[in-house]
Amino acid sequence: MSLLQRAASRLLDALAPPLCPVTNEPLAAPGFLSAAAWATLQFIDDPVCDRCGAPFAHEFGDGVSCARCIAEPPDFDSARAAVVYDDASHGLIVSFKHADRTELAPMFAGWLLRASRGLLRSGSLIAPAPLHRQRLFARRYNQAAILADAVARASGAAFEPMLLERTRATPPQQRLSPEGRRRNVAGAFAVRESAAARVKGAHVVLIDDVLTTGATLSACARTLKKAGAARVDALVLARVLKGGTALA
Ligand SMILES: [Zn+2]
């Protein structure tokens, strides 16, 4: 597209009514969803695994972990997700990731704050799961960084986009087993030298769009804890559920 064409398409975008990223219905204002889209999303509520945030089918009381977290505890202290990863949330996340729907970030930040259940403190460091620079270049922006920035603005905590770096480009995880995913991201992250002093004793909250097995966030948490972080939690927009239903 030429510069002129791009400018013309931006102008048209500005004049056209904003559309719902899920249903494509016209909306009164950008950055929101239609009522029909809301109805398709499955927000995650208690009871959940105290560790990984997987929804439980039954109430087991506070502080209970799921079987998977007991067998193989992740390196983050807790992870919480706003919605279940399904067709509806997949479409929403894809449009945020690949279609420049960054105006959705403040709405998503509200979801993440709700999912965090008061976890964030004013001194918390809000860090996005890092992309390798090759992928960053291909995608032009890191959607996790845009989410993290919005969460920091909404909570008053510090936005730390440069805390972690991905030191090695890892192949896409989609087709890998849980063990394969773990191996794929092992040793792929590092705390940047310029951030080392800030990480010591800090409460870090990692932000990402989707949690599948938690391998990436666990590897990030392991790296941060090795560098002296006191506590590492994770907040994600959507989490994959094993078999599409509640775990445990
Ligand atoms: Zn769990």
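Residues numbered from 1 in each chain as written. Predicted model: local features only at pLDDT ≥ 70, side-chain atom pairs only at ≥ 80, totals over all residues.

Asker: Tell me about the domain arrangement of the chain, and name the residues and values.
Answerer: Domain annotation of the chain identifies domain 1 (1-40) and domain 2 (45-244). Taking the mean C-alpha position of each, domain 1 and domain 2 sit 27 Å from one another. Across the contact, six residues belong to domain 1 and nine residues belong to domain 2. Class assignment for the residues of the side of domain 1 that touches domain 2 results in four nonpolar, two polar and no charged. (Domains from an automatic or database assignment. Contact = placed C-beta atoms within 7 Å. Nonpolar A, V, L, I, M, F, W, Y, C, P; charged D, E, K, R; others polar.)

Asker: Describe in detail unusual backbone geometry, supporting the description with residues and values.
Answerer: Glycine aside, residues mostly have negative phi, and peptide bonds are mostly found in the trans state. Here the amide bond leading from Asp46 into Pro47 is cis, since omega sits at 0°, within 30 degrees of zero. Mapped onto the secondary structure, Pro47 falls in the loop between helix 2 (35-40) and helix 3 (67-71). Even without glycine at this site, Asn24 takes up a positive phi of about 65°. Take Asn24: it is sitting in the loop between helix 1 (3-15) and helix 2. Given 10 C-beta atoms within 10 Å, Asn24 falls into the exposed group. (Helix = DSSP H or I, 4+ residues; strand = E, 2+ residues; numbered from the N terminus. Buried ≥ 20, exposed ≤ 12 C-beta atoms within 10 Å, placed from the backbone.)

Asker: Lay out the packing of helix 5 (residues 105-116) against helix 7 (residues 143-155) with the relevant residues and their values.
Answerer: Contact pair helix 5 / helix 7: the axes reach a minimum separation of 8 Å and the direction vectors enclose 65°. Here helix 5 is positioned roughly perpendicular relative to helix 7, judged by the angle of their axes. Handedness of the helix 5/helix 7 crossing: right-handed. Between helix 5, through Ala105, Pro106, Phe108, Ala109, Gly110, Leu112 and Leu113, and helix 7, the contact on the second element is made entirely by Ile146, Leu147, Ala150, Val151, Ala154 and Ser155. Taken together, the residues of the contact of helix 5 with helix 7 break down into 11 nonpolar, two polar and no charged. (Axes fitted to C-alpha atoms, helices over the stretch in contact; angles between N-to-C directions. Parallel < 35°, antiparallel > 145°, perpendicular 65-115°, else oblique. Left-handed = near helix turned anticlockwise from the far one by under 90°.)

Asker: Requested: an account of the sheet that holds strand 3 (residues 158-159), with residues and values cited.
Answerer: In space, the five strands of this open sheet follow the order 1-7-6-2-3, with parallel pairing throughout. Across the chains shown, the open sheet's two edge strands, defined by having one partner strand only, are strand 1 (78-84) and strand 3. Two elements, strand 6 (residues 203-211) and strand 7 (residues 231-239), share eight bridges in a ladder whose sense is parallel. Opposite Val210, over in strand 7, you have Ala238 as the bridge partner. Of the strands in this sheet, strand 1 and strand 7 are in contact with helix 5, which crosses strand 1 at around 130°. (Pairing = 2+ DSSP bridges.)

Asker: So what about the nonpolar core? Which residues, and what values?
Answerer: Of all hydrophobic cores here, the largest spans 66 residues; its most connected members are Leu147, Val151, Val204, Leu206 and Ile207. If one sorts the elements of this core by residue count, helix 7 sits on top with eight residues. Excluding its chain neighbours within four sequence positions, the residues that come into contact with Val151 are Ala109, Leu112, Leu113, Ile126, Ile207 and Leu235. (Core = buried A, V, L, I, M, F, W, Y, C linked by C-beta atoms within 7 Å.)

Asker: Explain the packing of helix 8 (residues 178-185) against helix 10 (residues 215-226) to me, and be specific about the residues and the numbers.
Answerer: Helix 10 packs onto helix 8 with a crossing angle of 40° between their chain directions and a minimal axis gap of 9 Å. What the angle tells us is that helix 8 and helix 10 run oblique. In this structure, helix 8 crosses over helix 10, and the sense of that crossing is right-handed. Contact residues: helix 8 offers Pro178, Arg181, Arg182 and Val185, while helix 10 offers Ala215, Thr216 and Ala219. Its residues assigned to classes, the contact of helix 8 with helix 10 shows four nonpolar, one polar and two charged.

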